[in-house]
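Architecture at a glance
Here are the chains, one letter per residue:
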Amino acid sequence: MTKQFDVIIIGAGALGVFHAYHALKAGKNILLLEKDKRAQEATVRNFGQVVPSGLIPGSEWHEYGRIATELYKEIQNEFAIGIRNNGSCYIANTASEMAVLEELQARFNAVDYHSELWTAAQLQERYPMAQRDYAKGALFFPQEVSAEPEILIHRVLEYLSAKYPQQFSHRNNCPVVAAEAVGDAVRVSTADKQEYIAENCFICSGREFKLLFPEVFATSGLIVSKLNMMATYPQQQTLLPGNILTGLTIRRYESFTACDSYQQLEAADVPQDCVDYGIHILFKQRVDGSVIIGDSHLYAPIQDQDDLSVFYNDMHINEIMLREAKKIMQLDNWAIAQNWAGFYAQHEDEIFCHTVDKRIHIVTGIGGKGMTTSAGFAQHNIHKVLNG
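Since this is a predicted model, take the numbers as computed values, not measurements.

Conventions and cut-offs
- Residues numbered from 1 in each chain as written.
- Predicted model: local features only at pLDDT ≥ 70, side-chain atom pairs only at ≥ 80, totals over all residues.
- Heavy atoms only, no water.
- Disulfide = S-S within 2.5 Å.
- Buried < 20%, exposed > 50% of the residue type's maximum accessible area, 1.4 Å probe, protein only.
- Helix = DSSP H or I, 4+ residues; strand = E, 2+ residues; numbered from the N terminus.
- Expected span 1.5 Å × (residues − 1).
- Contact = heavy atoms within 4.5 Å.
- Phe/Tyr/Trp six-rings, centres within 6.5 Å; stacked < 30°, edge-to-face > 60°.
- Core = buried A, V, L, I, M, F, W, Y, C linked by side-chain atoms within 4.5 Å.
- Polar contact = N/O pair within 3.5 Å; in protein donor to acceptor, adjacent residues only side chain to side chain.

1. With respect to the state of the cysteines
According to the stated counting rule, one finds zero disulfides in the structure shown. Here C89 stays unpaired: no disulfide links it, and the sulfur of C259, its closest cysteine neighbor, is 17 Å away. For C89, a relative accessible area of 0% translates into the label buried.

Spelled out as structure tokens, the structure:
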């Protein structure tokens, strides 16, 4: 028997789950289909840093980040999803990086986004493990949050199932093999020969393009980024609250690159191997005390993404990241317990949205800002499609 829904969503990563969330809030009946036992791509292979401060002040993407941050906090107050409100700290290494932080603070003040500029001494009071000869000061955003990426989206699914038991259906281990327009509806067929009908279908499939509409993805202009990340064993003494970002991050995130003072940064201050591998150093301590360190960036067109090596991580890249991380922070245990690769799709238009036959909406390529902005962008997109 063919089952009918208002909206079918394919892919249970952050974009898919939060499209479901906002459609449920709009009163729609939702079916969410995930090809694997649980989401296992970009949504769960990241730092869990929710940092609207990395997005240009006043831009639509910064606004999506603000919306997402408040939404995470709102859900956390109802249902434990692992959100911790310990802020984000950008540590500057040079006087020119401090100048960028000062300009950025002024720009964020203009859009009523609060931050605190810290001297080197104030930073040492909050983060005494920061290397004194590295840290020249910092910019701190107290309203920002961190997540536990390996559990967040799965807990949000549990929350939706509990809050909307009559409206929400979710199937995992359920690859979709076809989505096609049939009159004024969409028919979705799964590998176990089930068929579902809906008014609209959202395909939030990340970098997966081989199953559905491969011809669209092959010509989409999507680029896939591979990131190396690692985690230490749990620290016995070191406490690193919140999201910690560094001088290399200041040279990478778009909120900083949009500052006039960014042009005064000295390229020679960045080691060439960090440039070659797109490395910027981040730290985030997990609940168990382990510290995630990363990351690097290598790129390929989506149709050539397998050339990025799914099976192997280059230890040389990890060694460069550890070398730079030790210049910035003191840990009581630098032994690495885990290392892994993350992959995400990105697009020059910030996100790739493409509609097939009026009712099938492909939404992917949100890039490295997915944890920060997916929940906010999904609100906008659901409203646009369902009310457009």
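2. A look at helix 2 (residues 60-78)
Over its 19 residues, helix 2 runs 27 Å from end to end, which matches the ideal 27 Å to within 8%, given 1.5 Å per residue. Taken as a whole, helix 2 has its buried residues at W61, H62, Y64, G65, A68, T69, L71, Y72, K73 and I75. Structurally, helix 2 contributes buried residues whose contacts are with helix 1 (14-25), strand 3 (49-50), helix 3 (95-110), strand 7 (145-146), helix 5 (149-163) and helix 11 (370-387).

3. Observations concerning the packing of aromatic side chains
Under the definition given, this model contains 16 aromatic pairs. Here the aromatic rings of W118 and F140 are separated by 4.7 Å at their centres, their planes lie at 20°, and the arrangement is stacked. Separated by 22 residues along the polypeptide, W118 in strand 5 (residues 116-119) and F140 in strand 6 (residues 137-141) bring together distant segments of the chain. An identical accessibility class is assigned to W118 and F140; each is buried.

4. Regarding the nonpolar core
The biggest cluster of nonpolar side chains holds 46 residues, and the ones touching the most others in it are F18, Y72, L160 and F168. Put simply, the parts of the chain that give this core at least two residues each are strand 1 (3-10), helix 1, strand 2 (30-33), helix 2, helix 5 and helix 11. The dominant element in this core, judged by the number of residues it contributes, is helix 1, at eight residues. Setting aside residues no more than four positions away along its own chain, F168 makes contact with A20, L24, I30, L32, L157, L160 and S161.

5. Observations regarding the environment of R207
Tracing the chain through its elements places R207 in the loop between strand 11 (195-203) and helix 6 (214-218). For the pair R207 and H380, spaced 173 residues apart in the sequence, the C-alpha separation amounts to 22 Å. Sequence-distant contacts of R207, defined by excluding residues within four places in its chain, comprise E41, V224, I302, Q305, F343, A345 and T364. Of the polar contacts made by the side chain of R207, one reaches the side chain of E41; its length is 2.9 Å. Within the structure, R207 has its side chain in polar contact with the side chain of Q305 (distance 2.5 Å).

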